[in-house]
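Observations on the three-dimensional arrangement
For reference, the chains in residue letters:
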Amino acid sequence: MILLNPGPVNLTERVRAALTLPDLCHREREFGELQNEIRARLLQVYPLPPERWAPVLVSGSGTAAVEAMLASLVPREGRLLVVDNGVYGARLADIAACHGIAHAVARQAWGTPVDLEALTRHLDAQPGFTHVALVQHETTTGRLNDVAAVGRLCRSRNAALLVDAVSSFGAEALDFDDGSLAACAASANKCLHGAPGVSFVIVRRAALPEKSAGRSVYLDLARHHRAQDAGDTAFTPAVPVFYALREALRELADQGGWHVRHQRYRGLATAVEDGLVGFGVEPLLRDGERSVVLRAYHLPAGLDYAALHDGLKQRGFVIYAGQGKLAASIFRVSTMGAIDAADMQRFLDAVAGLLGTARHSGAQAR
Ligand SMILES: *Cc1c(COP(=O)(O)O)cnc(C)c1O
């Protein structure tokens, strides 16, 4: 089955084989070495100096890292402004609410670009904000939010920026030199091509609190960070998934790093889009505002999502539905994982077959 959903992704044989490496006790030296290599390689992706940045691993899905980031880095007396222009922005606000973090939400219609003027108004209102949380790639629509512009605003207002980069880390540009960026959260099973079960936060060491905000035991970044810097782990980690992540990071480096992955995704995304547009299927967003990781398309007339999904699944492809209000109007195609141009061509052939069938049966119905 070819997975065109935004993670978990199809694994390469090399990464899959790593899942069955020998059983390992997480209190033994070998686990420390495995974890050290993963942490070093995570910093090499962009690349970042270990004196200034700490990668902190958390066993759990991407949301675990995002939740750990917000719950641990916004202090008790802090105030968080959340930018919400999609499902994952809304989740940031949910997390803030659950942990009792003082916050406001800059809520926008899903799919629209970040409204910098509205953000400025929020930031200038009193009391001020110590932190801003933003999703880099809003997987809801495939929109790439302008992290640099929000970063500039944060710098001018002395707020620290916390980024959900779960579906962009490893494939889109991230400017860690932007002084406002305090941390970003991501996971193994999206653009890094690992297996699901481990996520991480890359945090500026200077932004790590001396004292934990005390909102969570399992999702306390300071606790994980202290253990991991000492070569240890706070809790039982998802060992096989660690093995797979190490191999996926080795593979990413062997293939030439994130720039090469970006180009590879771009080629696949362009091929899919050109093909679909040729069938009269229109993309939701224009160039310059969307990622190479995932693109959203309007459902073709006369074919609902269930019919498109089920027809494609029969032919070996899993696509992804729209979420929320977009569920009835769009479908999404991701380019992550061990898939290639030939898979995408077969995918387009499958769509063409379905559209032919759909149009045909539509004609019969009339
Ligand atoms: C996938 C994703 C997440 C995390 O989802 P999980 O199901 O917890 O892995 C968070 N943010 C974004 C933008 C995502 O695409």
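Right above here is the structure, for reference.
The numbers attached to residues start from 1 for each chain and follow its sequence in the written order. Totals for whole chains, interfaces and linings use all residues, but because this is a predicted model, local features are given only for residues with pLDDT of at least 70 and pairs of side-chain atoms are given and counted only at 80 or more. Each side-chain value is worked out from all heavy atoms of the structure, with water and hydrogens disregarded.

Observations regarding the packing of helix H2 (residues 29–44) against helix H7 (residues 221–229)
Axis separation between H2 and H7 bottoms out at 10 Å; the angle between their running directions is 110°. Relative to H7, the element H2 lies roughly perpendicular. For the pair H2 and H7, the contacting residues are Gln35, Asn36 and Arg39 in the first and His225, Gln228 and Asp229 in the second. Throughout this entry, Asp, Glu, Lys and Arg are counted as charged residues, while Ala, Val, Leu, Ile, Met, Phe, Trp, Tyr, Cys and Pro are counted as nonpolar. The remaining residues, Gly among them, count as polar. When its residues are assigned to classes, the contact of H2 with H7 shows no nonpolar, 4 polar and 2 charged. In this analysis an axis means a line fitted to C-alpha atoms, helices contributing only their contacting stretch, and an angle means the value between N-to-C directions, from 0 to 180 degrees. Strands here are runs of E lasting at least two residues and helices are runs of H or I lasting at least four, both read from the DSSP assignment and numbered beginning at the N terminus. Angle categories are assigned with fixed cut-offs, so that under 35 degrees is roughly parallel, over 145 is roughly antiparallel, 65 to 115 is roughly perpendicular, and the rest are oblique. Any two residues whose heavy atoms approach within 4.5 Å at even a single point are treated as in contact.

Let's talk about the environment of Phe176
For Phe176, the position within the fold is in the loop between strand S8 (160–164) and strand S9 (181–187). By relative accessible area, which is 4% here, Phe176 ends up buried. In this structure, the C-alpha to C-alpha distance between Phe176 and Trp53, residues 123 residues apart in sequence, is 9.4 Å. Dropping the residues within four chain positions of it, Phe176 is found in contact with Tyr46, Leu48, Trp53, Phe169, Leu181, Cys184, Ile202 and Arg204. Residue exposure (1.4 Å probe, protein chains only): buried if accessible area is under 20% of the type maximum, exposed if over 50%, otherwise partly exposed.

Thoughts on the site of the ligand
Every residue lining the ligand is accounted for by Ser61, Gly62, Thr63, Tyr88, Arg91, Val135, His137, Thr139, Asp164, Val166, Ser167 and Lys190. Think of a polar contact as two N or O atoms within 3.5 Å of one another; within protein, one of them needs to be a possible hydrogen donor and the other a possible acceptor, and neighboring residues in sequence only count if both atoms come from side chains. Asp164 has a polar side-chain atom sitting 2.7 Å from a nitrogen atom of the ligand. Separating an oxygen atom of the ligand from a side-chain N or O atom of Lys190 is a distance of 2.8 Å. Note on areas: Shrake-Rupley, 1.4 Å probe, and residue coverage restricted to the protein chains presented here. Coverage of the ligand by the protein chains reaches 85% of its 380 Å² of free accessible surface. Taken together, the elements giving at least two residues each to the shell around the ligand come down to helix H3 (62–73) and helix H4 (87–98). Per-class residue counts for the shell around the ligand are 3 nonpolar, 6 polar and 3 charged. Here a residue is considered near a molecule or strand provided that any single heavy atom belonging to it is located within 4 Å of it.

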